[in-house]
Amino acid sequence: MQEFDKKEFKKNVEEYIGVFFRRPIEDATRQQVYQGVAFTVKNMIIDDWLEAHKAYEEQDLKTVYYLSMEFLVGRALGNMITNLKADASIREAVEELGYDLENIEDEEPDAALGNGGLGRLAACFLDSLSTLGYPAYGCGIRYKYGMFEQKIENGYQVEVPDNWLKDGNPFEIKRSEYATTVKFGGYVRMIRDEYGNDRFIQENYQSVRAIPYDMPILGYGNHVVNTLRIWNAEAIDTFNLDSFDKGEYQKAVEQQNLARTICEVLYPNDHHIAGKELRLKQQYFFVSASIQRAVAKYMERHDDIHNLHEKVCFQLNDTHPTVTVPELMRILLDDYYLGWEEAWSITTKTCAYTNHTIMSEALEKWPIDLFKRLLPRIYQVVEEINRRFILQILKEYPSEAKKIEKMAILYDGQVRMANLAIVGSFSVNGVAKLHTEILKKQELKDFYEMFPGKFNNKTNGITQRRFLLHGNPLLASWVTHKIGDGWITDLSQMQRLIPYAEDKQSQKEFLEIKYKNKLRLMNYIKEKNGITVSPDSIFDVQVKRLHEYKRQLLNILHVMYLYNKIKDNPDMEFYPRTFIFGAKASAGYERAKAIIKLINSVGEVVNNDSTIQDKIKVVFIENYRVSNAEIIFAAADVSEQISTASKEASGTGNMKFMLNGALTLGTLDGANVEIVEEVGEENAFLFGLHSDEVIEYEHQGGYNPREVYNSDKEIKRVVDQLVDGTYSKEDKTLFASLYESLLSGRGGEPADRYFILKDFRSYEEAQKKVEKAYCNKEGWAKSALMNIAKCGKFSSDRTIEEYVRDIWHLTKVHR
Ligand code: 26M
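Along each chain, residue indices are assigned from 1 in the same order as the chain's sequence is written. Under the rules for a predicted model, residues below a pLDDT of 70 receive no local features and side-chain atom pairs below 80 are neither given nor counted, while totals for whole chains, interfaces and linings still include all residues.

With an unreviewed UniProt entry as reference, the protein is termed Alpha-1,4 glucan phosphorylase, source organism Anaerocolumna xylanovorans DSM 12503.

Enquirer: Even after reading the chapter, I still don't get the site of the ligand, so can you show me in this structure?
Expert: In the vicinity of the ligand lie 22 residues, with Gly117, Leu118, Asp270, Ala649 and Ser650 positioned nearest. Numbering of helices and strands runs from the N terminus; a helix is a DSSP stretch of H or I covering at least four residues, while a strand is a stretch of E covering at least two. Broken down by element, the residue count for the shell around the ligand peaks at three residues, all from helix α6 (residues 117-132). A breakdown of the residues in the shell around the ligand according to their chemical character gives seven nonpolar, 12 polar and three charged. An automatic or database domain assignment supplies the residue ranges for each domain. The residues that make up the shell around the ligand include at least three from each of domain 1 (60-74 + 110-460 + 801-807) and domain 2 (464-691 + 755-794). Contact assignment follows one rule, namely that a residue is near a molecule or strand if its backbone-placed C-beta atom lies within 6 Å of it. Residue type decides the class: Asp, Glu, Lys and Arg count as charged, Ala, Val, Leu, Ile, Met, Phe, Trp, Tyr, Cys and Pro as nonpolar, and the leftover types, Gly among them, as polar.

Enquirer: How do you make sense of the UniProt feature "modified residue: N6-(pyridoxal phosphate)lysine" (unreviewed entry) in the protein when you look at a structure like this?
Expert: Taking the numbering used here, the UniProt-annotated feature "modified residue: N6-(pyridoxal phosphate)lysine" (unreviewed entry) corresponds to Lys656. Topologically, Lys656 is positioned in helix α25 (residues 653-659). Once C-beta atoms are placed from the backbone, each residue is buried if 20 or more other C-beta atoms lie within 10 Å of its own, exposed if 12 or fewer, and partly exposed for counts between those two. Taking the C-beta count within 10 Å as the criterion, Lys656 has 30 such neighbours and is therefore assigned buried. Contact between residues is assigned whenever the C-beta positions, reconstructed from backbone atoms, fall within 7 Å. Other than its neighbours up to four places away in sequence, Lys656 contacts Ile462, Phe467 and Phe633. UniProt positions are given in the numbering used here, feature names are shortened, and annotations may be inferred rather than shown by experiment.

Enquirer: Would you mind showing me how to read the sheet that holds strand β24 (residues 663-666) here?
Expert: Note: strands within a sheet are paired through backbone hydrogen bonds, in either parallel or antiparallel orientation. Any two strands are treated as partners once DSSP identifies two or more bridges connecting them. Reading across the sheet, the six strands line up as β22-β21-β20-β23-β24-β25 and stay open at both edges, with parallel pairing between neighbours. If you trace the sheet from one side to the other, it starts and ends with β22 (616-620) and β25 (685-686), each paired once. Note: strand β20 (residues 538-543) against strand β21 (residues 577-582), six bridges, orientation parallel. Its bridge partner being in β21, Phe539 is matched across the sheet by Thr578.

Enquirer: Before we go on, may I ask you to explain the nonpolar core in this structure?
Expert: Nonpolar side chains in soluble globular proteins tend to end up buried together. Working definition: the nonpolar core is a set of buried Ala, Val, Leu, Ile, Met, Phe, Trp, Tyr and Cys residues, joined through C-beta atoms within 7 Å. Residues Tyr65, Phe285 and Leu785 are the most contacted members of the largest nonpolar core, which totals 237 residues. If you count residues domain by domain, this core takes at least three from each of domain 1 (60-74 + 110-460 + 801-807) and domain 2 (464-691 + 755-794).

What follows is the structure in structure tokens.
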């Protein structure tokens, strides 16, 4: 990249608008100006992109392929400008063109190719890989429709398709030269070749053409640009549609339909598996295309496939891309004619697997019939992997028949993807210390005993470039003013803020910045919700996917409890609080949707009750996503991280709040444990059962919530208000399913399986401590500053360095 030339930049923007829209900039829409700016910025990095890849090849560097069904990257323009370190100059140039950079950035739709934590983690990892100078590809799917847009109508969630590509995507490049074919269905015929070897030929299959689209991922100020490669499906022979042969015609139509459907839409569930055939097609589609291409690329510059693992690592983001293991085997066996042992040795040195959840509903299993019908050759390979693995189990545990039942890959008519991923990988990692320990001691105990050396922990992290530098410019420049800008690429330098935590002037400055960020969110809420909130109130925030285990229900029940208190004692001391929620529910998850409705209904009642004098406000932010998350984190005082202990593998929102100086109110779950370890218990608010207590109760089949309900009048009152019409005048049964989930459960599930009533009092007490602490402004500011000072560990840069050191063994590019 050359020196930034403002005149040239402005000229380019105007030229693009002229060429693409046939308009002078004065007549262009804001969207058109955005397109012009975006193309100009892309052009600024295009040479670096090419040269970085040339450097990788010349230096013959090992590459990690991060295989993921999801990349929740959000908007690209602002991030690129940040990472180009061109913020001030581009802002000025855009201003001279008559526009405000923020408004232009707001024209970009989020690339919402993910559900939540797992997809956003993948995006943070790509940012860190580029910033640290490691060669990497993100490999995924170019969904035509990403995560649905959430509208709230009459308090209910309504899902609207996210047509993010409708105006085109200025950052992507179609790479037809790397197209490959992916085959589905048909049958496998075995033949003997001229050397007497068995060969397996897939016949009568349907196929689609996989076409990659590349998006640049720039490192921060280092001229390194990696690639997010997302695959689109196109039909193969359309000309066959003219065929007079009925069978041919039929097949051509089917192939067209297959191509049309595969990349149509992101499945909008997390933590719940619906065994849909199309989902498996998506998985094999992007995996097969990515692995074929990676192997081909390796062979372009190397002659021995046996050393693949020296230059290539496939990291599986959860079990979703697990077909990588048999697909690589298939390529090695069928295309490179390797023997099984050789192929297996290469595969298990090349694949590594990350587990992101212990929730049993999320454990991926496919019916064997479906798997076999869709992927006949892959299934054969899986059968052989399974056969050999069972022999190994029998050998190591000759007298323990139960081991096979628990560990087999094929069992009970199903393909168990986690078992396949573990057996086929050299590394299995959890995403926070506690999570990895639970995997080793409980969920994956048998595998840990058999392969202790594979297991390791990699505590998650987040990129400070997006979530502080871009999302919270006021705080970012304040930090830089105090300690220099080293934190941008080395977050551990935040430690240098420790002395300022005690300093009255710094505390005051921090609170002023927080206040301004609260004003920004206040205005957003005013505009979107029409609700007036006070920036002097405590901004208490829970934003994340909606799931019972995350316990948004605990939060809103507590709001109902507080409302009762204030109504009963209008003169009680109470520090005004704004409870802010943001969450999408999976479309078919009825209880989650009922919780969204409840939050909105409570808001409706509480916000409009003038007798409580604005002491409580409840705000549900519609369509929570990466772009508005940046505004929300910056404005938060309290970070609600209240999952049932043991259920949240890590959490990453918790880290984004910490980075922005919010105090955690949480359970000892996931990475909260490590956050509190870093910041000190005195700078957080902990409550609730510990994970071992939860696990112990679960072994006993649960606990009896009616004991709590019957012995605590205030809790009983709140629970009863779910069904007495307090928040559902029009239809008292609206929240009956939530009432039932707390007191009796349904279909054999334990009552209150997420221990909401059990933890209620402990939560309520912690909330009282929050209030008391907030009353002391200086003390609060000190704690907030300590959170920022101690957040260094939670940079995804640290996480990536650990992956590199323990799993990927990459070398940095010289540029
Ligand atoms: C599976 C099958 C069909 C449709 C969707 C899925 C599916 C999609 C996403 C299942 C799980 C998915 O994500 C799980 C997830 O987001 N896990 C979160 O991962 C984060 C990053 O490691 C952790 O911080 C969170 O604690 C964990 O919940």
